[in-house]
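Read off the chains here:
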Amino acid sequence: MTSQMILGMHLGNGYGSQGSAWRFPGVDPTNYTSFDAQVRYARAAERGKFAFLFLPDFLALQADVERESPMITLDPMMTLAAIARETERIGLVATGSTTFNEPFTIARQFKALDVMSHGRAGWNAVTTSDPGSAANYGQAIAPRPQRYQRAHETIQIAQALWGSWQQDAWVKDAATGRFADAARIQPINLQGEHVASRGPLPIPPSEQGQPVIFSAGGGENGMELAGRYANGAIGAVFTIEDARNQRQAYREAARRAGRNPDEIKFFAGVMPAIASTKRAALDRRVALGELTAPSRVPYLGSMLNLQLDVSQLDRPLTTAQLANAYPSPFDPRSARALEVAREGWTIRDVLAHGVIDYHPTPVGTASVTADHMQEWFEAGACDGFWVSIDVNEDGIDTFVDEVVPLLQERGLYHHDYEGSTLRDHLGAPAQYGLDPRLANPDR
């Protein structure tokens, strides 16, 4: 495990991770289309010495846009291009589907971003299994084995393209009139079952050589993909035990691929609710959940194996309900939901604890979030965190100004960047083109 944690910042729609962040006091509701707002948030994260920004992507509309904003930025690559020009150190990681992108397009976009940002780009390479996304491309979802075979081919072709303009090919000798050494810019001529490319890619190396690969996939296929190519893995875990097991699984996957397991860093998610008191932090989340809380009551009931009614929203569970409640084995968040319910909070407050959010939610002062992060990190559950802020407008500054200093005082987090590239921030090895160590390189 690294001696100090590495932090990434989730950057989504210009508002924050909560669907009602767009209408929170002090938030400009037009931020959905504001690249200036995204730049402002990125610079706040950079002030906190975050290693990278992480931009998820989804290729179909998810939100109930009648009341909630879409959770994804307009376009991850365009957003990161804008941010690249206004930041200096923070890494820029975007999700790109291997299912609905050709490898040449992926290779070109991400390496151009890498050159533009002076070596700060990362590609979260994922497969897509959503039928709605497929419909937007006039296609149907292929079976899982085909999707992952295409993913392997796409990543390998993209990396080969990244190396097709060799590192010393750019001569740029104005005196002799020689721009580049054409013998060192060669086609790759790779043909797979699903994708192919001739190449070369006419983009020279960045300061880190080429983009870093991230992974956010699960399951056996996703682990194998990450083990072969990734230097960063984005996790969705709710307990220390689950996180430790998932981190170990990624490390074992890297070892099986012939790599050093320390080359892959595992990031657990955290969605802090920070205020001067726990009650104030809950009130903040209650306000953000005003419109969605009633619709979440039945699902909370299913987590606790109870029939819950919206009429009970502002009352705690009864003694009889608590006696009959038990956590659903189908949702890993259920044990935490029951734990919070047993503390006597109203159902609205139970929901405000983030028990249905997609990452753990420490609730209270900044020290509560710092304690959570310290406990997980020191338990070997992760190499760091990707932090998902509820309302970006004030929440990123709160985290940077209140949580980061606590982590620094405890010796858990650095005081400044030690390098200038994303590889530097992750402690990832140099790589240009395909990784020659990979077993079965033709896979």
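Below is a short write-up of the structure.

Thresholds applied
- Residues numbered from 1 in each chain as written.
- Predicted model: local features only at pLDDT ≥ 70, side-chain atom pairs only at ≥ 80, totals over all residues.
- Heavy atoms only, no water.
- Core = buried A, V, L, I, M, F, W, Y, C linked by side-chain atoms within 4.5 Å.
- Buried < 20%, exposed > 50% of the residue type's maximum accessible area, 1.4 Å probe, protein only.
- Helix = DSSP H or I, 4+ residues; strand = E, 2+ residues; numbered from the N terminus.
- Contact = heavy atoms within 4.5 Å.
- 1 Å grid on protein atoms, 1.4 Å probe; cavity = no way out; pocket = protein on both sides within 12 Å on 5 of 7 lines; lining within 4 Å.
- Points joined across faces, edges and corners; volume = space filled by probe spheres on them.
- Nonpolar A, V, L, I, M, F, W, Y, C, P; charged D, E, K, R; others polar.
- Pairing = 2+ DSSP bridges.

### Description of the nonpolar core
Line of reasoning, step 1. Counting 79 residues, the largest nonpolar core has Phe-50, Leu-53, Phe-385 and Phe-399 as the members making the most contacts within it.
Line of reasoning, step 2. No other element matches the 8 residues that helix α5 (residues 144-162) contributes to this core.
Line of reasoning, step 3. Leaving out residues up to four positions away in the same chain, Leu-53 has contacts with Met-9, Leu-11, Ala-42, Ala-45, Ile-83, Ile-90, Gly-91, Leu-92 and Val-93.
Line of reasoning, step 4. Grouped together as the second largest cluster of nonpolar side chains are 19 residues, Leu-308, Ala-325, Ala-337 and Val-355 included.

### Section: the environment of Thr-292
Line of reasoning, step 1. Summarising the element assignment, Thr-292 is placed in the loop between α8 (278-288) and α9 (293-304).
Line of reasoning, step 2. In this structure, the C-alpha to C-alpha distance between Thr-292 and Arg-89, residues 203 residues apart in sequence, is 37 Å.

### A few points about the layout of surface pockets
Line of reasoning, step 1. Of the volumes computed, that of the second largest pocket is approximately 440 Å³.
Line of reasoning, step 2. Sorting the residues of the lining of the second largest pocket by element identifies α11 (334-341) and α13 (366-378) as the ones contributing at least two each.
Line of reasoning, step 3. In terms of residues, the lining of the second largest pocket owes the most to one element, α13, which gives 4 residues.
Line of reasoning, step 4. Here the lining of the second largest pocket is composed, by residue class, of 10 nonpolar, 6 polar and 6 charged.

### Quick notes on unusual backbone geometry
Line of reasoning, step 1. Geometrically, the link from Gly-199 to Pro-200 is a cis peptide bond, its omega value of 0° lying close to zero.
Line of reasoning, step 2. Within the secondary structure, Pro-200 is located in the loop between β8 (196-197) and β9 (212-215).
Line of reasoning, step 3. The phi angle at Lys-49 is positive, at roughly 60°, despite the residue not being glycine.
Line of reasoning, step 4. With respect to the secondary-structure elements, Lys-49 resides in the loop between α1 (35-47) and β2 (52-55).
Line of reasoning, step 5. Even without glycine at this site, Asn-305 takes up a positive phi of about 55°.
Line of reasoning, step 6. For Asn-305, the position within the fold is in the loop between α9 and α10 (319-324).

### Comments concerning the pairing of strand β14 (residues 384-387)
Line of reasoning, step 1. Residue alternation in β14 divides its side chains into two sets, Gly-384 and Trp-386 and Phe-385 and Val-387, and both sets are buried.
Line of reasoning, step 2. Note: strand β1 (residues 6-10) against β14, 4 bridges, orientation parallel. Bridge pairing in β14 links Leu-7 to Phe-385.
Line of reasoning, step 3. The pairing of strand β11 (residues 265-270) with β14 spans 4 bridges and is parallel. Looking at β14, one finds that Ala-268 is bridged to Phe-385.

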